[in-house]
Amino acid sequence: MRPRLPTSVEDVVDVELLLGPTADPEAPPDLLVEVPHGADERHHYDALRQRLRGDLPDELHLFFNLNTDLGTWAYGRATAQAVIAAAHERSVLILRSLIPRTFVDSNRRADYQGGRLDEGALTPGIPSYVRDDHDRALLLELHRRYLETAREAFALVCGSGGLALVPHSYGPRSLGIDAIDDDIVAKLRWACAPERHDSWPLRPEVDLLTRDGEGRLFAPAGLEARLLTDFAAAGFETKANDTYDLHPSTLAHEWSTTYPGRVLCLEVRRDSLVERWTPLDAMRAVEAKCDR
């Protein structure tokens, strides 16, 4: 009998199981697609914002528009469907976080304070502009419940010998912003001004997060080289650990080190997933681009 599957939690995580036509319904899933930044639609932002009591920066939704991992759930699920189409005996478990990273990050340790973004540090678990005690307690509880579900899913799939994909997307350019704080919207307006936006360094279309800062490989053996070749052959500029690597503050690092050789994490540039990159405006992923 199959071990108990994780279940969806309202406003925290959607859990979906895809079964191939000949998959064994009692076996653990072959693949986990864990999307920690899956809350990429405006209604996700609005729903949680309405539950928060404290003052927050004006027009914070503009930060959501720019910083959310748009398209990750769409291309992660498209990958799951492609896996099953190629091998009908396989099954895929999909986790989609419903918690906007604008408020708390489902791919960070909740107590991670962040650092200077313009020196390569990552965004914090809970941004400093969230100060209200009620709000922080709520966000910590949502984070705890997501982490509990994700940990259960990784144990079920990777602990049984399966693989996991952790899909992300990132903005086309490394904006010269030092920190996420009360002035984040003003900083973004400055960085994204038409006369300045295209001066920032352009990131690769695909960046594989396969190693930690010491260069130790945690992705499945041989996959880094194969994907560098195959993505390039498909027309994508592809690098490995170029913009980011598996940073210890991330839960992707925890999953990768807990299950070495079982987890692949990657970034896809968002302008490869949308019709047109308009950084402070709401955008939607294009199905055909995600399928590609």
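Just so you know, these numbers come straight off a predicted model, no measurement behind them. (Residues numbered from 1 in each chain as written. Predicted model: local features only at pLDDT ≥ 70, side-chain atom pairs only at ≥ 80, totals over all residues. Heavy atoms only, no water.)

Here we look at unusual backbone geometry
Negative phi values dominate among residues other than glycine, just as trans dominates among peptide bonds.
Item 1. The residue aspartate 11 is not glycine, and still its phi comes out positive at about 65°.
Item 2. As for its position among the elements, aspartate 11 is in the segment before strand E1 (13-19).
Item 3. The backbone phi angle of glutamate 59 is positive, close to 55°, even though this residue is not glycine.
Item 4. By secondary structure assignment, the location of glutamate 59 is in the loop between helix H1 (42-49) and helix H2 (61-67). (Helix = DSSP H or I, 4+ residues; strand = E, 2+ residues; numbered from the N terminus.)

Re empty space enclosed by the protein
Any space left empty among the atoms is revealed by the rolling of a water-sized probe across them.
Item 1. Applying the stated criterion across every chain, the model contains 1 cavity of 30 Å³ or more.
Item 2. If you add up the space inside the largest cavity, you get close to 50 Å³.
Item 3. Around the largest cavity sit Phe63, Asn67, Arg101, Thr123, Pro124, Pro127 and Ile180, which together line it.
Item 4. Considered class by class, the residues forming the lining of the largest cavity number 4 nonpolar, 2 polar and 1 charged. (1 Å grid on protein atoms, 1.4 Å probe; cavity = no way out; pocket = protein on both sides within 12 Å on 5 of 7 lines; lining within 4 Å. Points joined across faces, edges and corners; volume = space filled by probe spheres on them. Nonpolar A, V, L, I, M, F, W, Y, C, P; charged D, E, K, R; others polar.)

Observations regarding the layout of surface pockets
Item 1. Here the largest pocket defines a volume of roughly 900 Å³.
Item 2. Residue lining of the largest pocket: 31 residues in total, with Thr79, Leu165, Leu227, Phe231 and Leu264 positioned closest to the centre.
Item 3. Of all the elements in the fold, those that place two or more residues in the lining of the largest pocket are helix H3 (72-86), strand E4 (163-170), helix H6 (223-233), strand E7 (263-269) and helix H8 (287-291).
Item 4. Counting residues per element, the lining of the largest pocket draws most heavily on H3, which supplies 6 residues.

Quick notes on the packing of helix H4 (residues 133-157) against helix H7 (residues 251-258)
Item 1. H7 packs onto H4 with a crossing angle of 25° between their chain directions and a minimal axis gap of 12 Å. Taken together, the axes of H4 and H7 lie roughly parallel to each other. Where H4 crosses over H7, the handedness of that crossing is right-handed. Of H7, the residues touching H4 (which contributes His143, Leu147, Ala150, Arg151 and Phe154) are Leu251, Glu254 and Trp255.
Item 2. Considering only residue class, the contact of H4 with H7 consists of 5 nonpolar, 1 polar and 2 charged. (Axes fitted to C-alpha atoms, helices over the stretch in contact; angles between N-to-C directions. Parallel < 35°, antiparallel > 145°, perpendicular 65-115°, else oblique. Left-handed = near helix turned anticlockwise from the far one by under 90°. Contact = heavy atoms within 4.5 Å.)

Considering the pattern of salt bridges
Item 1. Overall, the coordinates contain 23 salt bridges when judged by the stated rule.
Item 2. Notably, a salt bridge pairs arginine 96 with glutamate 41, separated by 3.2 Å at the nearest N-O pair. Taken together, the positions of arginine 96 in strand E3 (residues 91-97) and glutamate 41 in the loop between strand E2 (31-35) and H1 put the pair 55 residues apart, joining distant regions of the chain.
Item 3. Exposure remark for arginine 96: the relative accessible area of 8% places this residue in the buried category.
Item 4. Given the relative accessible area of 26%, glutamate 41 is considered partly exposed.
Item 5. A salt bridge links arginine 42 to aspartate 46, with the nearest nitrogen and oxygen atoms 2.9 Å apart. (Salt bridge = Lys/Arg side-chain N within 4 Å of Asp/Glu carboxyl O. Buried < 20%, exposed > 50% of the residue type's maximum accessible area, 1.4 Å probe, protein only.)

Considerations on the side chain of asparagine 107
Item 1. Within the fold, asparagine 107 resides in the loop between E3 and H4.
Item 2. In terms of polar contacts, asparagine 107 uses its side chain to reach the backbone amide nitrogen of alanine 252, at 3.1 Å.
Item 3. Apart from residues lying up to four places away in sequence, asparagine 107 is in contact with Pro36, His37, His168, Ser249, Thr250, Leu251 and Ala252. (Polar contact = N/O pair within 3.5 Å; in protein donor to acceptor, adjacent residues only side chain to side chain.)

Digging into the packing of aromatic side chains
Item 1. By the definition in use, this model includes 7 aromatic pairs.
Item 2. Among the aromatic residues, those joined into a cluster by ring pairs are Tyr45, Phe64 and Phe103.
Item 3. Directly above the ring of tryptophan 73 sits arginine 96, whose terminal nitrogen or CZ lies 4.2 Å from the centroid. (Phe/Tyr/Trp six-rings, centres within 6.5 Å; stacked < 30°, edge-to-face > 60°. Lys NZ or Arg CZ within 6 Å of the ring centre and 35° of its normal.)

Comments concerning H4
Every α-helix winds through 3.6 residues per turn, so residues three or four apart in the chain are directed the same way.
Item 1. A rise of 1.5 Å per residue sets the reference length of H4, with its 25 residues, at 36 Å; its end C-alpha atoms lie 36 Å apart and thus fit the reference within 8%.
Item 2. Two to three positions downstream of the cap, the backbone nitrogen of histidine 134 sits 2.9 Å from a side-chain oxygen, assigning the N-cap of H4 to aspartate 132. (Expected span 1.5 Å × (residues − 1).)

Description of the nonpolar core
Item 1. Within the largest apolar cluster, 54 residues are counted, with the highest numbers of intra-cluster contacts made by Leu95, Leu139, Phe154 and Ile184.
Item 2. For this core, the leading source of residues is H4, giving 10 residues.
Item 3. Sequence-distant contacts of leucine 139, that is, excluding residues within four places in its chain, are made with Leu48, Leu52, Phe103, Val104, Ile126 and Val130.
Item 4. By size, the runner-up hydrophobic cluster in this structure holds 21 residues, among which are Val33, Val35, Val83 and Val206. (Core = buried A, V, L, I, M, F, W, Y, C linked by side-chain atoms within 4.5 Å.)

A short note on the state of the cysteines
Item 1. If you walk through the whole model with that rule in mind, you get 0 disulfides.
Item 2. Note on cysteine 158: no disulfide assigned, nearest cysteine sulfur contributed by cysteine 265 at a separation of 13 Å. (Disulfide = S-S within 2.5 Å.)

Topic: the sheet that holds E4
Item 1. As summarised here, the arrangement of the 7 strands in space is E1-E3-E2-E4-E7-E5-E6, forming an open sheet in which the pairing is mixed. Of all strands in the sheet, those bounded by a partner on one side alone are E1 and strand E6 (238-240). Direction aside, the axes of adjacent strands within the sheet are offset by 20° on average.
Item 2. Sheet analysis places E2 next to E3, joined by 5 bridges and oriented parallel. Of the residues in E3, the one forming a bridge with valine 33 is isoleucine 94. (Pairing = 2+ DSSP bridges.)

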